[in-house]
Amino acid sequence: MKRLKKFGAIICAIAMLVSSITYYPTSNVSAAATSLPKEVIGLVAVSKSGSDTIENAIMFAWAGADDPANVAGYDPTVTATVIYIYKDGELVTKIGNATKGGVVGGLPAGSYTAQAANVNSMGEGTLSEKVSFTVTGATLNYTYPVDCIGPKTPAGLSYITGNPEVPADNPAQADNKLGVAWAPSSEASIPSADSSVVGYNLYLFDAKTGTPYRRVYVDGITKSNVILESVSSGEYLAYLSAVDAEGRESALAAPSFGQSSKVTVKGEVIDNAQSFDKPNQPTLPLGLSILTEGIDYGFTIAWSDVADLTGQRLNLFVDGVCIKVGINGNVASYYENRLATGTYEVEVRSQYTSNNVESFGLKKTVSIKADPGLSGKTPAELADPAYSEYEEPTTNPTTTANPTTTAEPTTTAEPITTAEPTTTAEPTTTAEPTTTRPQDSNTNAQTTTKKQPSQTTKKSSVKVGKAVVKKAIKKKNAKKISLTLKRVNGATKYKVQIAKDKKFKKTIVTKTTKKLTYSVSNSKFKKAKKLYARAKAIVVKGKKTYQGKWSKPKQVKIKK
């Protein structure tokens, strides 16, 4: 196993970044507030610094209330500053703990206005005059949180990958790796210092399409860099938020002016994008690799022996089946030789032990020979019963609170009826009213929901997990679709459907399979321009059969 080298280069890079941050005078004076704070003076929104433009971002600055030289705005009672950002007259977000000189990222391209207000123990002061600014860059497929009332926005974000000042043999410069560094919130001498921070979220967007690629959590206020493993080759935008113990996030920080707004990752194209909607996700350990060279039978998983896996376990998957939970033991490697001769897709994921949230996976297709001293088995035969997936929190139907009209009960599964129910369109979700004034941001909107009739049918005690279609691929003009499903605990088989529309009104095929990797063929697939796949798990208990819910529709990827 190759050891990682020159970690000192990372530290040097971070030191350069921190030293480049503009410092602002800080006053130790504190005073008890007897009235609302003074108005913010000199608010500006800067999109360029010389020839440098940071895409999808803006830097805010103002005359500090902690600076006695700011005669009109000096106010030692001020504890924070908030910024309201508007687009087309509607509130986009309220940044509750704005960082003076902070570069706020993650904003879709367009024209905006902003106002700021100081805060003290008596509340928010008068709003400043409006400033206008324009954001350039991709049309990001991301909805900014309306209330960013968490910690201060981090500062000094910069790329290690592709940075000419970082040595070529640094781990962050390797193929399919992306490294970033920043000024930690524990650094008391910088404006973004905030003792409430417990970690950071790193957001990655595809720079060409603006679509989310990945969100990962970096634990610890003193952390100042991360190197992500198994990143698909491509061009990315990166943004960083600080997170407090209550799970509240700051606004997203973009790379500092003078730094590139995009980063290019070299290597292989990997289909392993993740949704931003899941809870904080762990990272894979540094140096993680899947090795077959020089190994007679099976393969070895290895990683750096300095990797910190506290509170995490590494799980091994083969062809989508978890065959070993917690391969991280006393040594930084794991040897697997129980499989029969064949070609397999091997994947390693990191999983939090506290809530079962998993990371993106490191994948590799391997061809191996069976160990002659063992009876080779299939992945299904080696399935580890200790594996548990993350489950979305659900509301207990026995509580006194009235359920919302659009939510479906998820606690139990109903026995399958003899007739397949007709698929109906999903109810349209009513959009929440848009907040247009900062004074309205704390107003609770009154909801009008009808009380649901009580359930008279006795529910089954069998709970079936919700299936997931991980992959759905077909070649252009081909009539075969290759599907990969995510294993559902206790599932006996899976029902799969292919349709021409997301709501499955035009279903082409309905099939049942026991396999997690499955191919579906139909002549109608050949000329179809858009196809969607979905699946649901089925559990057989004695003479009774129970089914879970349909998965979210997965669009079939058509390759040329």
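What counts and how
Residues numbered from 1 in each chain as written. Predicted model: local features only at pLDDT ≥ 70, side-chain atom pairs only at ≥ 80, totals over all residues. Heavy atoms only, no water. Helix = DSSP H or I, 4+ residues; strand = E, 2+ residues; numbered from the N terminus. Contact = heavy atoms within 4.5 Å. Areas by Shrake-Rupley, 256 points an atom, 1.4 Å probe, with all protein chains shown as cover. Pairing = 2+ DSSP bridges. Axes fitted to C-alpha atoms, helices over the stretch in contact; angles between N-to-C directions. Core = buried A, V, L, I, M, F, W, Y, C linked by side-chain atoms within 4.5 Å. Buried < 20%, exposed > 50% of the residue type's maximum accessible area, 1.4 Å probe, protein only. Phe/Tyr/Trp six-rings, centres within 6.5 Å; stacked < 30°, edge-to-face > 60°. Lys NZ or Arg CZ within 6 Å of the ring centre and 35° of its normal. Patch = residues over 30% accessible without salt bridge, like charges linked within 9 Å, V, L, I, M, F, W, Y side chains within 5 Å. Salt bridge = Lys/Arg side-chain N within 4 Å of Asp/Glu carboxyl O. Lys, Arg positive; Asp, Glu negative; His and termini not counted. Charge placed at Lys NZ, Arg CZ, Asp CG, Glu CD.

### A word on the overall build of the protein chain
Looking only at helices and strands, the protein chain features 1 helix and 34 strands. Considering only residue pairs separated by 6 or more positions, the protein chain has 71% of its internal contacts joining residues 24 or more positions apart. Summing over all exposed atoms, the protein chain offers an accessible surface of approximately 28800 Å²; the carbon and sulfur share of this is 49%.

### A few points about the sheet that holds strand S34 (residues 557-559)
Spatially, S30-S27-S26-S34 is the arrangement adopted by the 4 strands of the open sheet, whose pairing is mixed. Of all the strands in the sheet, just strand S30 (517-521) and S34 have a single pairing partner and so form its edges. Taking the axes of each pair of neighbouring strands and ignoring which way they run, one obtains an average angle of 25 degrees across the sheet. Here strand S26 (residues 469-475) runs beside S34; their pairing, made up of 3 bridges, is parallel. Opposite Lys475, over in S34, you have Lys559 as the bridge partner.

### Considerations on the nonpolar core
Residues Val180, Leu202, Phe299, Ile301, Leu316, Leu483 and Ile498 are the most contacted members of the largest nonpolar core, which totals 71 residues. Ignoring anything within four residues of it in the chain, the contact list for Leu483 reads Val469, Lys471, Ala472, Val496, Ile498, Leu516, Thr517, Tyr518, Val520 and Ala533. Among the nonpolar cores identified, the runner-up in size contains 38 residues, and Val40, Val103, Tyr142 and Leu237 belong to it.

### So, the sheet that holds strand S7 (residues 103-105)
Here 3 strands make up an open sheet; going across it, the order is S1-S4-S7 and the pairing antiparallel. In this open sheet, the two edge strands, each paired with only one partner strand, are strand S1 (41-46) and S7. Averaged over all neighbouring strand pairs, the angle between strand axes comes to 25 degrees, with direction disregarded. Pairing of S1 with strand S4 (residues 57-63), which is carried by 4 bridges, proceeds in the antiparallel orientation. Paired with Ile41 across the two strands is Ala63, which belongs to S4.

### Digging into the packing of aromatic side chains
Under the definition given, this model contains 9 aromatic pairs. Taken together, a centroid distance of 5.7 Å and an interplanar angle of 75 degrees make the contact between Tyr142 and Phe205 edge-to-face. Highlighted residues: Tyr142 in the loop between strand S10 (131-135) and strand S11 (147-148) and Phe205 in strand S14 (residues 197-206), separated in sequence by 63 residues. A relative accessible area of 0% places Phe205 in the buried class. Taken together through their ring pairs, the aromatic side chains of Tyr142, Tyr144, Tyr203, Phe205 and Tyr239 make up a single cluster. A cation over a ring is seen here: Lys130 above Tyr86, with NZ or CZ 5.4 Å from the ring centre.

### Considerations on the pairing of strand S22 (residues 321-324)
Inspection of the sheet shows strand S21 (residues 312-318) paired to S22 by 3 bridges, in the antiparallel sense. Each residue of the ladder has a partner; that of Val318, found in S22, is Val321. Between S21 and S22, which pair antiparallel one after the other, the connecting turn spans 2 residues, and Asp319 there sits at a positive phi close to 55 degrees.

### Description of a positive patch on the surface
On the surface, a cluster of positive charge is contributed by Lys475, Lys480, Lys557 and Lys559. With respect to the helices and strands, Lys475 occurs in strand S26. We classify Lys475 as exposed; its relative accessible area is 61%.

### What to know about the pattern of salt bridges
Any two side chains of opposite charge can pair if their charged atoms end up close together. Within the structure shown, the criterion is met by 13 salt bridges. For Glu124, the salt bridge is made with Lys94, and the minimal N-O distance between the two is 3.0 Å. In this pair, Glu124 sits in strand S9 (residues 123-124) while Lys94 sits in strand S6 (residues 90-95), placing the two residues 30 residues apart along the sequence. Classification of Lys94 as buried rests on a relative accessible area of 8%. What emerges from the salt-bridge pattern is a single network uniting Glu347, Arg349, Glu358 and Lys470.

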